[in-house]
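# Coordinate analysis (summary)
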Amino acid sequence: MVSPGNGFALVAPASKGLGFAFAQQLLSHTNLPVIATARRNCDEVRDSLLKAVKSRSGDPRERLRVLQMDVTDESTIQAMASHIRGEYPDAALRIAITVPGILHVEKSPSQIDAASALNSYKVNALGPMLLMKHLAPFLPTKSSKPFLVDSQPRKDDCSWNLPSHAIYAMMAARVGSISDNATGGWYSYRASKASVFQIAKTFDLYLRTRSNDRALAIAMHPGTVQTDFTKEYWDGRNMLQPLDSANRLLQFLCTMEPGNNDGRGRCWDWKGEEVLP
């Protein structure tokens, strides 16, 4: 039985692409229990993750749980939270990486389809909001003790260590930035991803009151990553690999301090540069 006394990690979803890469990184380079989610084929996702992991210590088979969850179905999110509470009743959420995303491309207003646009909002905006709703109670409060920080010299090539506070990260996108929009198009994706900037900011303001310096929230832009999500845009483009993007984002996230003027509640990319709303 794995003791979650130093917290647990969560990646939702983690069945492929960036989510898979984040779960792989956290399993390989921390000793934490890792909760990963998938809409289907949880056993297959678990087997694939275990094959990809090079664990620094502790049996990853005992630390990994893959739970069925669909961000468009709140009952599955609630069931996931209940499972975590039952298995780790006294554990705090140390790092959460929430990355749901779907892309419907509309190059002109005439291509907007109501059902597809609504689906964009359900996955890209409401999904992260519902995850936040059910995961917020697991984050540390003002009275919580800081997480222990690994002070031992690293024996792997990892360039980050988790800090003593909790991190709640939501996947935004540069195309969700209003100030950066110079080309138009992608109406439902841009608008739904713009929501994540606002959700992260609002949730971080809540955490400032509830948790003070024990937890922060942030939005992320991963760069253009070579995954199934971007498959139609692979030709002729220089793209990051999922593991590289995940590692760079974790490296930046783990250096962010929870003070009032350090960038919490804002959106940052894989290079550590702010993406303005």
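What you see is a predicted model; the values in this text were computed from it and never measured.

On to the overall build of the protein chain, then. A count of helical and extended segments in the protein chain gives seven helices and seven strands. When the elements of the protein chain are put in sequence order from the N terminus, they spell out β-α-β-α-α-β-α-β-α-β-α-β-α-β. Expressed as a percentage of the 277 residues in the protein chain, the buried residues total 50%. Considering only contacts within the protein chain whose residues lie at least 6 apart along the sequence, 75% involve residues at least 24 apart. Total accessible area on the protein chain stands at roughly 13,200 Å², and carbon and sulfur atoms take up 50% of it.

Let us look at the environment of Ser 144. By secondary structure assignment, the location of Ser 144 is in the loop between α5 (114–135) and β5 (166–171). By relative accessible area, Ser 144 is classed as partly exposed at 24%. Looking at Ser 144, its side chain comes within polar contact range of the main-chain nitrogen of Thr 141, at 2.9 Å.

This part covers the packing of aromatic side chains. Throughout the structure, instances matching the rule amount to six aromatic pairs. On the basis of an interplanar angle of 75° and a centroid distance of 5.9 Å, the ring pair of Trp 186 and Tyr 189 is categorised as edge-to-face. Overall, Trp 186 belongs to the partly exposed group, its relative accessible area being 25%. Look at Tyr 189 and you get buried, because its relative accessible area is 7%. Plain terms: the ring middles of Phe 252 and Trp 268 are 5.3 Å apart, the flat faces sit at 40° to each other, and that makes the pair tilted. Taken together, the positions of Phe 252 in helix α7 (residues 242–253) and Trp 268 in strand β7 (residues 267–269) put the pair 16 residues apart, joining distant regions of the chain. Connected via pairs of aromatic rings, a cluster forms that spans Phe 8, Tyr 88 and Phe 138.

Tracing the chain through its elements places Thr 141 in the loop between α5 and β5. By relative accessible area, Thr 141 is classed as partly exposed at 26%. Ignoring any residue separated from it by four or fewer positions in sequence, one finds Thr 141 in contact with Arg 210, Ser 211 and Arg 214.

Strand order in this open sheet of seven strands is β3-β2-β1-β4-β5-β6-β7, and the pairing throughout is parallel. Looking at the sheet topology across the chains shown, the edges are occupied by β3 (64–68) and β7. Sheet twist, expressed as the average angle between the axes of neighbouring strands with direction ignored, equals 25°. With respect to the sheet, α5 is in contact with β1 (8–12), β4 (93–98) and β5, its orientation differing from that of β5 by roughly 160°.

This brings us to the pattern of salt bridges. For the structure shown, the criterion picks out nine salt bridges. With a shortest N-O distance of 3.2 Å, Arg 214 and Asp 213 are connected by a salt bridge. Residue Glu 273 pairs with Lys 271 through a salt bridge whose shortest N-O separation is 4.0 Å. The class of Lys 271 is partly exposed, set by a relative accessible area of 48%. Residues participating in the shared-partner salt-bridge network are Asp 204, Arg 208 and Arg 264.

A word on the packing of helix α1 (residues 17–29) against helix α2 (residues 42–52). Following both chains from N to C, one finds α1 and α2 inclined at 55°, their axes separated by 9 Å at the closest point. Accordingly, the angle class assigned to the pair α1 and α2 is oblique. The chirality of how α1 crosses α2 is right-handed. Contact residues: α1 offers Phe 20, Ala 23 and Gln 24, while α2 offers Val 45, Ser 48, Leu 49 and Ala 52. In terms of residue class, the contact of α1 with α2 is made up of five nonpolar, two polar and no charged.

Next up on the list: unusual backbone geometry. At the junction of Ala 12 and Pro 13, the peptide bond is cis and its omega measures out at -10° in the coordinates. For Asn 41, which is not glycine, the phi dihedral falls at a positive 55°. Take Asn 41: it is sitting in the loop between β2 (34–38) and α2. Accessibility expressed as a relative area gives 44% for Asn 41, which makes it partly exposed. Here the phi dihedral of Asn 212 falls at roughly 55°; this positive angle occurs in a residue that is not glycine.

In this section: the packing of α5 against helix α6 (residues 187–210). Relative orientation and spacing of two packed helices are given, respectively, by the angle between their axes and the distance between those axes. The geometry of α5 relative to α6 is characterised by a closest axis approach of 8 Å and an angle of 15° between their N-to-C directions. One way to sum up the angle between α5 and α6 is to call them roughly parallel. Crossing angle aside, the handedness with which α5 passes α6 is right-handed. The residues of α6 that touch α5, namely those facing Ala 117, Ser 120, Tyr 121, Asn 124, Ala 125, Met 129 and Met 132, are Ser 188, Tyr 189, Ala 191, Ser 192, Lys 193, Ser 195, Val 196, Ile 199 and Phe 203. Classifying every residue of the contact of α5 with α6 by side-chain character gives ten nonpolar, five polar and one charged.

Criteria and cut-off values
Residues numbered from 1 in each chain as written. Predicted model: local features only at pLDDT ≥ 70, side-chain atom pairs only at ≥ 80, totals over all residues. Heavy atoms only, no water. Helix = DSSP H or I, 4+ residues; strand = E, 2+ residues; numbered from the N terminus. Buried < 20%, exposed > 50% of the residue type's maximum accessible area, 1.4 Å probe, protein only. Contact = heavy atoms within 4.5 Å. Areas by Shrake-Rupley, 256 points an atom, 1.4 Å probe, with all protein chains shown as cover. Polar contact = N/O pair within 3.5 Å; in protein donor to acceptor, adjacent residues only side chain to side chain. Phe/Tyr/Trp six-rings, centres within 6.5 Å; stacked < 30°, edge-to-face > 60°. Pairing = 2+ DSSP bridges. Axes fitted to C-alpha atoms, helices over the stretch in contact; angles between N-to-C directions. Salt bridge = Lys/Arg side-chain N within 4 Å of Asp/Glu carboxyl O. Parallel < 35°, antiparallel > 145°, perpendicular 65-115°, else oblique. Left-handed = near helix turned anticlockwise from the far one by under 90°. Nonpolar A, V, L, I, M, F, W, Y, C, P; charged D, E, K, R; others polar.

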